[in-house]
Amino acid sequence: MKKNVGVVFGGRSVEHEVSIITGLQIMENIDKDKYDVVPIYINKEGKWLTGNGLFDFENFKHNNFEDTEEIMISPTHNDFNLYAIPNKAGIFRKKIVGKVDIIFPAIHGTNGEDGTIQGLFELMNVPYVGSNVLASSVGMDKILMKDVFKSNNLPIVDYTWFYRSKWIENREEILEEIENKLKYPLFIKPANLGSSVGISKAIDRNSLINGVEIAIRYDRKIIVEKAIENPREINCAVIGYDENLKTSLCEEPLGWQEFLSYEDKYVNSNAKYGGEERRRIPADIEDEIRAEIETIAKKSFKAIDGRGNARIDFLLDQKNKIYVNEINTMPGSIAYYLWEGKGISFKQLINEMIDIALKVYDEKE
Ligand code: ADP
Ligand code: MG
Ligand code: MG
């Protein structure tokens, strides 16, 4: 019998729109001979919806959710049924509007890629695709992530971090600490976001202060790191679990100015939804560098105990020295474009991700 895959997308993060695209792409490319899709959309207010109205991109553009129904999610419902929210008249009999056997979260960033939703699926005891609670949360926090990479001897740029509360109390002390430890230019980032939101570059104390003031709007922890000057960016995906890992092709995202902005990355990189592709695949790098990147990508994935399919992003300096910049445990479009060149179609990639989830779930029992 076909299994029902609940594709969960949207979510309350700044990457809401990107997640809609990833969700729609997964639903379009899933192996229909093996799986039936149950679309589950988390809207910006945090409500969960299901229904046929969620297959069509036009409906999202026009905010039209007529053919959908709000559902109730509870960690104690481990029969995996989706219950309609009782209407205002107070119908107490539970109405089942869907049933899922496995969840495919397609949410980027806060509340989707950071372990929170994974925790819900653990409590519901439902198999789910991708990294678990620990890997997701460590991968999401740029400070913890870099701490873990560092203790695994992976190459990263020098960094330091501080709390927003301390900045508000005593910014002079923090500025001194940063300037004692790191030389300009610097990058300032909120610890727990993605898609370049809240990130800026500083060339002196003034721009550092401005950058921190921007970053503290988004997070209570701020990371400041040494900027690589005119870096090349190379990304590589890893799929698997435990020691069973393989790497994708490498890409070089192109067309960026100072650094990749939200628009550069997503609006322009989803041809079908109104933009143009701006990446070189495979990246034009020497075999030796590529091999080293692949090795570091696998080590980074293992360092956080990753699972499923993650994209590891690198920075290359002018001398081709490699730095791991970050790991994205739920990359945009699940980085399918990096796997196609390795002979793994979008459909196969989804199949593999689901197979991993089911295998890990079965081993747990
Ligand atoms: P996000 O999770 O938001 O994608 P990143 O750490 O990847 O955050 O930073 C966004 C972009 O900023 C990177 O893709 C890169 O272009 C640039 N960048 C980040 N850190 C550095 C750095 N230390 N040196 C040079 N460029 C950087
Ligand atoms: Mg990121
Ligand atoms: Mg990034």
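You'll find the structure just up there.
Description of the structure in this document. (Residues numbered from 1 in each chain as written. Chains lettered and ligands numbered in written order. Predicted model: local features only at pLDDT ≥ 70, side-chain atom pairs only at ≥ 80, totals over all residues. Heavy atoms only, no water.)

Taking 1.5 Å per residue as the helical rise, helix α10 (residues 287–303) with its 17 residues ought to reach 24 Å, and the 24 Å between its terminal C-alpha atoms agrees with that figure. The set of residues buried in α10 consists of Ile-289, Ile-293, Glu-294, Ile-296, Ala-297, Ser-300 and Phe-301. Its buried side turned inward, α10 meets α5 (142–151), β12 (232–241), β13 (244–253), β15 (308–316) and β16 (322–328). Looking one or two residues beyond α10, the residue adopting positive phi is Asp-305, at roughly 65 degrees. (Helix = DSSP H or I, 4+ residues; strand = E, 2+ residues; numbered from the N terminus. Expected span 1.5 Å × (residues − 1). Buried < 20%, exposed > 50% of the residue type's maximum accessible area, 1.4 Å probe, protein only. Contact = heavy atoms within 4.5 Å.)

What follows deals with the coordination of the magnesium ion (ligand 2). The protein atoms that coordinate the magnesium ion (ligand 2) are Glu-326 (OE), Glu-326 (OE) and Asn-328 (OD1), at distances spanning 2.1 to 2.6 Å. A separation of 3.8 Å is found between the magnesium ion (ligand 2) and the magnesium ion (ligand 3), which are bridged by Glu-326. Taking the relative accessible area as the measure of exposure, Glu-326 reaches 11% and is therefore buried. Taking relative accessible area as the criterion, Asn-328 reaches 13% and is therefore assigned buried. (Donors = N, O, S within 2.8 Å, 3.2 Å for Na, K, Ca; no water.)

Attention now goes to the sheet that holds strand β1 (residues 3–10). Ordered by their spatial adjacency, seven strands build an open sheet running β6-β5-β4-β3-β2-β1-β7, and the pairing between neighbours is mixed. Each edge of the open sheet carries a strand with a single partner, namely β6 (96–99) and β7 (102–105). Put simply, the sheet's adjacent strands are angled 40 degrees from each other on average, direction ignored. With eight bridges connecting them, β1 and strand β2 (residues 35–42) associate as parallel partners. Among the inter-strand pairings, Phe-9 is bridged to a residue of β2, identified as Tyr-41. Seen against the sheet, helix α1 (residues 16–29) touches β1, β2 and β7 and runs at an angle of roughly 160 degrees to β1. Sitting on the sheet, helix α3 (residues 116–124) touches β1, β2, β3 (48–50) and β7, and the angle it makes with β3 is about 65 degrees. (Pairing = 2+ DSSP bridges. Axes fitted to C-alpha atoms, helices over the stretch in contact; angles between N-to-C directions.)

In an α-helix, one full turn covers 3.6 residues, which means residues spaced three or four apart are oriented alike. Compared with the 20 Å implied by 1.5 Å per residue over 14 residues, the 20 Å span of α1 between its first and last C-alpha is a close match. By the criterion of burial, α1 is predominantly enclosed, with 11 of the 14 residues buried. Those residues of α1 lying buried are His-16, Val-18, Ser-19, Ile-20, Ile-21, Thr-22, Gly-23, Leu-24, Gln-25, Ile-26 and Met-27.

Quick look at the pairing of β15 now. Judged by how many residues are buried, β15 sits mostly within the fold: nine of nine residues are covered. Of the pairings in the sheet, the one linking β12 to β15 comprises nine bridges and is antiparallel in character. Counted as the bridge partner of Glu-233 is Leu-315 from β15. Adjacent in sequence and paired antiparallel, β15 and β16 are bridged by five residues, among which Asn-320 carries a positive phi angle near 65 degrees.

Running from amino to carboxyl end, helix α4 (residues 133–140) crosses α5 at an angle of 100 degrees, the nearest separation of the two axes being 5 Å. Compared by their axis directions, α4 and α5 come out roughly perpendicular. Here Val-138, Gly-139 and Met-140 of α4 come into contact with α5, specifically with Lys-142, Leu-144, Met-145 and Val-148. Per-class residue counts for the contact of α4 with α5 are five nonpolar, one polar and one charged. (Parallel < 35°, antiparallel > 145°, perpendicular 65-115°, else oblique. Nonpolar A, V, L, I, M, F, W, Y, C, P; charged D, E, K, R; others polar.)

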